[in-house]
Amino acid sequence: QDRRHSSTMLRHASLRGFTYDPAPTDSLAGGLHPAGVYASSDFFTEDFAPMWGAGRADLAEMGRLGANAVRLYSWRAGSGRNHEPFLEAAVAADVAVALPIDNWLVHCLSHAEAQPCQALDAAAAISASVSEARPHACAIAAWVVGTEYEKFGEVQPTVASVQERQRDLEQALAHLLEAEAAVGWPPERLPPITVPVSLDTYLSERCPTLRGSAACEFYPRLLARFPQLAGRLLLGLQAYLPGPDLRRLLQRPGGPDSLHAQLLAAGLPEVAALPTLLTEVGSVEPTSPAAAAAELAAACSGGYEGAPLGCFFNTYVTRRAPPASLNSPPDWSAHVRWGAAGFHSAASGAEWRPTSHRLAAFAWDPAPSPQPRIDLRALGGGAFGQLPQRSRPWNAQLAQGVRFAGTSEWPSYLDWRAWDSCQGCRSASEHISFDSSASSFQVQGDWMRISSERGDAGATLSGADSAWHWFNPPRDGTDDAPLEIEFYFLLDGSAFSADIDALTDQMWGALWAFSHGEGDFGWPSGGEMDLLEWLPKFDARAGGLGATTGFHNVVTGAYPPCCMKADPVMYPYGLQGSAVVGGDGFLLPHDSKFSTWGEAMQRLAGRPQATMNRTKAARQLYNNVVHVYARGTSSTFDIFAKQRANPLAPPPISVTTTADTMRAYGYAQVFRAYGDFGSNNDCSFHNAFPMNRAQSNHGPWDGKRCTNWHQNMHFVWSIVRKDVNHEEDRAIVFYLSDIHVRGGSKHTAAQEPVDSPPGRRVVTEQDDVRPCGWLEGGPEACNVRLANAVAQLDPHDFTSHRVSLQVPSAEYPVDTLAATAGLEELSTAMSAAAAAEPPRPKLCAPPFPSPPPSPPPSPPPSPPP
């Protein structure tokens, strides 16, 4: 009777489908999803068509396997997102779509004041989803509202928390029904609605022994509040049980432990009468896929009273190399959940990662680390949020937001995933004994910060593990636009107010970048760009230099800087000190006094050279907001900076803005470099100094390999102190805005060195960090310091709610898929089930007629006499 009743709600006599959450491989970098680069897990816009449409054709493959439906987990309509190609591809494959109102939309609809919800207009997103789906009403299999929402945001859910979640669900259902009415959804095609609950919880006073007892809390109230749901509401279950057990649970009439019997015993006949929909069904046990497929097909293919109206199949595989057989014990310490009964990558080997666009719902269990993640005892004990570096008030100058001269083409850096690597740590190994990278990293609004609390403490964060944040200069012979890098910073030295020059003498912090590469292809073969580096006191005869910029290549290594000439920017008063002049005017500036940022700003203000003092000039770069704009072509690189900048009012800077105009805007030109930056084999400096031995691992220049500026540069953000007593307790706080990057080339356009061995990927390699013994958790764990902090401490200030950038379709991996053994058996079972049902028509072709026009607005009321 249930099946006959439900057949009028669906175009299919029953639903047989797959769960589908096609996350790109790179979104799993660092172990969490999404990895800061994707605005959400909505991969169903036209940008991502190469996986589910023409290309890998996942939807067509599902149809071939006998599926007539697919369940999604994220669908963020509006804001220019276009899902129509996905819906059209689904219709072409004859696969209906179960559309989600995901947990965050449900939550944020009722909790708009919560920080993660402030950038998400949940009501508008739900309305946009309904409006977008309405022309394709014949292709919508169901609305899936939440997923195990009874557990959302709760480590240990309780009956009370489930009842609170119930109120959120009522709000979401009310808005969904209003949105359907507003767009004139055809009544005869209103899709079913389900609210999936987990079968592994016991969270109800009415049904304390029932598996999935949250259904006893949710469904009676939904039916009571929304009588119009009669005939539409399906009892959604997340059912990870073996086939025979699942069948016994659903059987009607069944034993005393059956779902039907327990609902009746609890006085809920209206819930007991609801058709069931298994929104996830599969097995987490390491059994044979073929056996699991046969069991689940038997439970889902009908033939018994109480059989579910439909099933969405899902299975689990390990994140690492898949075992030869699922009879082998998988690595459950770090797994992801996949669907389509086990689609996985055709790749193999110990470094295997899950294919992009898996057929599954996503779940992640961080692997336990044998190393301490955050050693609170070493930090002085107490709660993480109460540590001095975390509880310190933010600088009052940063209360306002930040605006940029142009829109970034890169993902936001206001997120821990952009910084969770320790590449670059070797430069600090002699000066730091305590790592404050994870304990001091914080994001608030449009700013982030790291700090050093004492003389032996420092931080080094790197983007070497986040490919979407890598960059390269524009390439020779291409139409690459000039590379633009724009950011604001504030170095808070207020603890040194009585002795600010002591800060200049010890501060060796920086925002810098260097390339990937390992061994003889590692640093400095790929060059180094120290965009902003404070140079401390190196010589007892002189103080620190303060803020500077320096480039380094394979000839110069760490010292001296390369790529400068005696121009008016770096040497406005001619060469001073020891500098060797080579071919084409290049310099080896040993001990020479190239211009610092402070001196450039004093020149801009008209200060005579005779009255300049480097140490005093350095003071201009502390305790105020500085705006930095860097611009690189294939042959030059320029940097401009303005102190006391207003972060809400940047001038209209672009690649065509001249240096004279920048000065008129109040920006000092603080750096200029020269070289063949557009080449993967820049020999200009080698040719200038042919007798100089290269400072890289591969020895002197062999006439072949020079500096490759295109091995994927990544930022390093650091605070290091030089020659400071460990008892020094004056804190240094380094604030940084988001970093906007435009032009140049991305990681997909990196270039291998000219003599890279066949099969080697130098552009993604990382050099050895074992010498960095000071790192928190040791070198083995340093590349997941921030991920470990997230897993252990759940900090709420590791990302900004403003982070949002969708990656273009041409720049994400679309991996090859290979079917797991057992998938064809499942396909055979589904086809047999379909053959036992009456023939059904194919999905109708959109679009439907537009809804009737709204009546004209009423005239304004007449004013009262």
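Some remarks on the overall build of the protein chain
Next, step 1: Looking only at helices and strands, the protein chain features 21 helices and 28 strands.
Next, step 2: Counting the 865 residues in the protein chain, one finds 59% classified as buried.
Next, step 3: A total accessible area of about 32,900 Å² is found for the protein chain, and carbon and sulfur atoms account for 52% of it.

A look at the pattern of salt bridges
Next, step 1: Going through the model one piece at a time under the given rule, you end up with 30 salt bridges.
Next, step 2: Residue Arg770 is joined to Asp768 by a salt bridge in which the shortest nitrogen-to-oxygen separation is 3.0 Å.
Next, step 3: By relative accessible area, Asp768 is classed as partly exposed at 30%.
Next, step 4: Overlapping salt bridges bring together Glu148, Lys151 and Asp200 as one network.

Some words on the environment of Ser412
Next, step 1: Relative to the assigned elements, Ser412 resides in the loop between α13 (388–391) and β12 (434–435).
Next, step 2: A polar contact of 3.0 Å, which involves the side chain of Ser412, links it to the side chain of Asp738.

Focus on the confidence of the model for the protein chain
Next, step 1: On average, the protein chain scores 80 in pLDDT, and the residues at 70 or more come to 79%.
Next, step 2: Across residues 316–381, where pLDDT falls below 50, the model places 201 contacts with residues more than four positions away in sequence or in other chains.
Next, step 3: The model gives residues 845–865 a pLDDT under 50, and that stretch makes 15 contacts with residues more than four places away or in other chains.

Remarks on the pairing of strand β23 (residues 636–642)
Next, step 1: Across the seven residues that make up β23, a large majority, six, are buried.
Next, step 2: Where strand β22 (residues 626–632) meets β23, six bridges bridge the pair, whose relative direction is antiparallel. Bridging across to β23, Arg631 finds its partner in Asp638.
Next, step 3: Two successive antiparallel strands, β22 and β23, enclose a turn made up of three residues.
Next, step 4: Bridging between β23 and strand β24 (residues 668–674) involves six bridges; their strand directions are antiparallel. Looking at β24, one finds that Thr636 is bridged to Tyr674.

Concerning the packing of helix α5 (residues 103–110) against helix α6 (residues 122–133)
Next, step 1: Relative to each other, α5 and α6 sit at 130°, their axes nearing to 8 Å. When the interaxial angle is binned, α5 and α6 end up oblique. Residues Leu105, Cys108 and Leu109 of α5 touch α6, and the partners they reach there are Ala122, Ala123, Ala125 and Ile126.
Next, step 2: Taken together, the residues of the contact of α5 with α6 break down into seven nonpolar, no polar and no charged.

Some thoughts on helix α9 (residues 243–250)
Next, step 1: All of the buried residues in α9 are Gly243, Leu246, Leu249 and Leu250. In an axial view of α9, the angular spread of the buried residues amounts to 125°, which keeps them on one side of the axis.

A few points about the packing of aromatic side chains
Next, step 1: Overall, the coordinates contain 32 aromatic pairs when judged by the stated rule.
Next, step 2: A ring pair is formed by Phe441 and Phe798, whose centres lie 5.3 Å apart and whose planes are at 85°; its orientation type is edge-to-face. Taken together, the residues span a long stretch of sequence, with Phe441 in the loop between α14 (437–440) and β13 (442–444) and Phe798 in the loop between α20 (785–793) and β28 (817–819) at a distance of 357 residues. In this structure, Phe441 and Phe798 share a single accessibility class: buried.
Next, step 3: With 5.2 Å between their ring centres and 85° between their planes, Trp508 and Phe538 make a pair best called edge-to-face. A residue pair is termed long-range when its members are at least 10 positions apart, and Trp508 in the loop between α15 (500–506) and β17 (510–515) and Phe538 in the loop between β18 (528–535) and β19 (546–552) qualify at 30 residues.
Next, step 4: Here Lys565 stacks its cationic end above the ring of Phe586, 4.7 Å away from the centre of that ring.
Next, step 5: We note Lys565 situated over the ring of Tyr674; from NZ or CZ to the ring centre the distance is 4.8 Å.

Digging into the sheet that holds strand β15 (residues 457–462)
Next, step 1: What the six strands build is an open sheet, ordered β12-β15-β25-β17-β18-β19; its pairing is mixed. Looking at which strands have only one partner, the edges of the open sheet turn out to be β12 and β19.
Next, step 2: As paired strands, β12 and β15 are joined by two bridges and run parallel to one another. Paired with Phe434 across the bridge in β15 is Ala457.

Here we look at helix α8 (residues 214–225)
Next, step 1: Between its terminal C-alpha atoms α8 stretches 17 Å, which fits the 16 Å expected from twelve residues at 1.5 Å a residue.
Next, step 2: Buried residues of α8: Ala214, Ala215, Cys216, Glu217, Phe218, Tyr219, Pro220, Leu222 and Leu223, and no others.
Next, step 3: Contacts made by the buried residues of α8 are with α7 (159–182), β5 (193–194), β6 (197–198), β7 (233–239), α10 (259–265) and α11 (269–272).

Overview of the side chain of Asn680
Next, step 1: Relative to the helices and strands, Asn680 is located in the loop between β24 and α19 (684–688).
Next, step 2: For Asn680, the side chain forms a polar contact with the main-chain oxygen of Glu752, separated by 2.9 Å.

Here's the deal with the packing of α6 against α7
Next, step 1: The contact between α6 and α7 brings their axes to 9 Å, and the two run at 45°. As the angle between them shows, α6 and α7 are arranged oblique. Seen from above, α6 lies across α7 with right-handed handedness. For the pair α6 and α7, contact is made by Ala123, Ile126, Ser127 and Val130 and by His175, Leu176, Ala179 and Glu180, respectively.

Rules of the game
- Residues numbered from 1 in each chain as written.
- Predicted model: local features only at pLDDT ≥ 70, side-chain atom pairs only at ≥ 80, totals over all residues.
- Heavy atoms only, no water.
- Helix = DSSP H or I, 4+ residues; strand = E, 2+ residues; numbered from the N terminus.
- Buried < 20%, exposed > 50% of the residue type's maximum accessible area, 1.4 Å probe, protein only.
- Areas by Shrake-Rupley, 256 points an atom, 1.4 Å probe, with all protein chains shown as cover.
- Salt bridge = Lys/Arg side-chain N within 4 Å of Asp/Glu carboxyl O.
- Polar contact = N/O pair within 3.5 Å; in protein donor to acceptor, adjacent residues only side chain to side chain.
- pLDDT = per-residue confidence, 0-100.
- Contact = heavy atoms within 4.5 Å.
- Pairing = 2+ DSSP bridges.
- Axes fitted to C-alpha atoms, helices over the stretch in contact; angles between N-to-C directions.
- Parallel < 35°, antiparallel > 145°, perpendicular 65-115°, else oblique.
- Nonpolar A, V, L, I, M, F, W, Y, C, P; charged D, E, K, R; others polar.
- Arc of directions from axis to C-beta.
- Phe/Tyr/Trp six-rings, centres within 6.5 Å; stacked < 30°, edge-to-face > 60°.
- Lys NZ or Arg CZ within 6 Å of the ring centre and 35° of its normal.
- Expected span 1.5 Å × (residues − 1).
- Left-handed = near helix turned anticlockwise from the far one by under 90°.

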